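# Summary of the model geometry
Residue-level listing of the chains:
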Amino acid sequence: MERRVEPLAKWLWEEGAFRKEGAFEEVATFSPSVAADKRWEELMRNYPSGVPDWRARWSLMFREDEAWIRRMVEEGYTIVDAGQPASYGRSTFYEMERRVVYGR
């Protein structure tokens, strides 16, 4: 997220033409709770080759992200999809977000 989503959010909010034209009143990105962040770091230590999908889907981080993206969709926010770089491989989180946002 630090390498892709956050730079895009910063550009949209602070530097981008969208901000100058007033297209966005605010820009928000998902921020996990301290507990979710701590548990996710523990999972990454326990699975140095990558957290398995089944384990990621049961994580507090995943549940918080899903609740957040659902709320954004329900409240009518414009969702800007930064995409997923091919070099990352498939992302359980990105796939969930796509299902929520696009219904697929």
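Up top is the structure these notes are about.
The model shown is predicted, which means the values in this text are computed figures rather than measured ones. (Residues numbered from 1 in each chain as written. Predicted model: local features only at pLDDT ≥ 70, side-chain atom pairs only at ≥ 80, totals over all residues. Heavy atoms only, no water.)

### A word on a nonpolar patch on the surface
Taken together, the side chains of Val-73, Tyr-77 and Ile-79 define a hydrophobic patch exposed on the protein surface, amounting to about 210 Å² of accessible area. Within the secondary structure, Val-73 is located in helix H5 (residues 60–74). (Patch = residues over 30% accessible without salt bridge, like charges linked within 9 Å, V, L, I, M, F, W, Y side chains within 5 Å. Areas by Shrake-Rupley, 256 points an atom, 1.4 Å probe, with all protein chains shown as cover. Salt bridge = Lys/Arg side-chain N within 4 Å of Asp/Glu carboxyl O. Helix = DSSP H or I, 4+ residues; strand = E, 2+ residues; numbered from the N terminus.)

### A few points about the packing of aromatic side chains
Counted under the stated rule, the structure contains three aromatic pairs. Centre to centre, the rings of Phe-30 and Trp-68 are 6.1 Å apart; their planes meet at 55°, and the pair counts as tilted. With a gap of 38 residues between them, Phe-30 in the loop between helix H2 (17–20) and helix H3 (34–46) and Trp-68 in helix H5 connect regions that are remote in the sequence. Judged by its relative accessible area of 11%, Phe-30 is buried. Residue classification places Trp-68 among the buried positions, given a relative accessible area of 16%. Consider the rings of Trp-40 and Phe-93, whose centres lie 5.3 Å apart with planes at 90°: the pair is edge-to-face. Of this pair, Trp-40 sits in helix H3 while Phe-93 sits in helix H6 (residues 92–102), placing them 53 residues apart in sequence. Residue class for Phe-93 comes out buried when judged on its relative accessible area of 16%. By way of ring pairs, the aromatic residues Trp-40, Phe-62 and Phe-93 are connected into one cluster. (Phe/Tyr/Trp six-rings, centres within 6.5 Å; stacked < 30°, edge-to-face > 60°. Buried < 20%, exposed > 50% of the residue type's maximum accessible area, 1.4 Å probe, protein only.)

That's the geometry; what it means functionally is another story.
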